[in-house]
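# Inside the fold
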Amino acid sequence: MKFSAASVLVAILMLSACSKPTDTVIPSDMNSWDEKLAPEIKKLSDSDKEKVASYLMRAKMGEVFGGGGIPPGTTIGQAIDAQSKWENEQAAKRAEEDALRKKLEQERAAAIEQLNKAVTVTLLAKRELPKNYNIGRYSEYQEFRIGAQNNTEKPIAGVSGEIKFIDVFDKEVGSVSFGISENIDPGKTVVWTGGRDYNQFLDMHRAVWNLEDGKYTTRFVPEMVVFKDGEKLAVPE
């Protein structure tokens, strides 16, 4: 029987095509991977090697947690394709999450800017008060005097937020939350006095308690402004 050069070449190409590492079926028995799978994976590019390794690990981890594992008959090439698809989906998901995070951060920054324009809030003084059973103060007490000015043209019914304390090293060491439920007419100012029982076991309480006058600064972080007509300006959570 005679064979033409062309037919021999076709046969060689067919044999070589059948021996591509990507056509190798992944054995269902992990114990045979070193013998049957590893030699074929070594023939792949570094990028494809990483994809196969990631696919196998992900499939096996999924199997541990109730997933389907590696479908019977899956080839190395199919594993590479599946891993590429999964990585692309994850990249798209991260891009969506990053875009949403950026959008929410921008909305929060815009709300804070709007609130800071609406009211000016500052800490006027803080005091550390000892226990005094005669007046019913049964624990040490941190007292704060806070001033709030209405910069809008509408009467305000309430202001809430936080005063953060920053030490001489520009480190935030503590904060105090407050809510002023007094009417503030346009252009007017009110002074709110409030506080909290001192807890020596809380680092932030202790740090604020020990701050000396002239050795710290404060920063107002707004939360909400409520106008008398019911309109509200609030910082998204």
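Predicted, not measured: the structure shown is a model, and the values here were computed from it.

## Digging into the pattern of salt bridges
This structure, assessed with the given rule, holds 15 salt bridges. In this structure, the salt-bridge partner of E231 is K154, at a minimum N-O distance of 2.2 Å. One end of the pair, E231, is in the loop between strand 6 (216-227) and strand 7 (232-234); the other, K154, is in the loop between strand 2 (141-150) and strand 3 (156-167), with 77 residues separating them in the sequence. A relative accessible area of 37% places E231 in the partly exposed class. Classification of K154 as partly exposed rests on a relative accessible area of 26%. Among the salt bridges present, the one from E162 reaches K164, with a minimum N-O distance of 3.2 Å. Using a relative accessible area of 13% as the deciding quantity, one classes K164 as buried. Members of the salt-bridge network, linked through shared partners, are E162, K164, E172 and R219.

## Topic: the packing of helix 2 (residues 33-41) against helix 3 (residues 46-64)
One way to put it is that helix 2 packs onto helix 3 with a least axis distance of 10 Å and a crossing angle of 145°. In this structure, helix 2 uses W33, L37 and I41 to contact helix 3, whose residues at the interface are K49, V52, L56 and K60. Its residues placed into classes, the contact of helix 2 with helix 3 shows five nonpolar, no polar and two charged.

## Comments concerning the sheet that holds strand 2
Pairing within the open sheet is antiparallel, and its three strands lie in the order 1-2-5. Across the chains shown, the open sheet's two edge strands, defined by having one partner strand only, are strand 1 (119-129) and strand 5 (189-197). Looking at each pair of strands side by side, their axes are set apart by 20° on average, direction ignored. Two strands pair when backbone bridges link them, and strand 1 and strand 2 are joined in this way by 10 bridges, in the antiparallel orientation. Among the inter-strand pairings, T122 is bridged to a residue of strand 2, identified as G147. The strands touched by helix 4 (residues 76-118) within the sheet are strand 1 and strand 2, with strand 1 carrying the most contacts at an inclination of about 80°.

What counts and what doesn't
Residues numbered from 1 in each chain as written. Predicted model: local features only at pLDDT ≥ 70, side-chain atom pairs only at ≥ 80, totals over all residues. Heavy atoms only, no water. Salt bridge = Lys/Arg side-chain N within 4 Å of Asp/Glu carboxyl O. Helix = DSSP H or I, 4+ residues; strand = E, 2+ residues; numbered from the N terminus. Buried < 20%, exposed > 50% of the residue type's maximum accessible area, 1.4 Å probe, protein only. Axes fitted to C-alpha atoms, helices over the stretch in contact; angles between N-to-C directions. Contact = heavy atoms within 4.5 Å. Nonpolar A, V, L, I, M, F, W, Y, C, P; charged D, E, K, R; others polar. Pairing = 2+ DSSP bridges.

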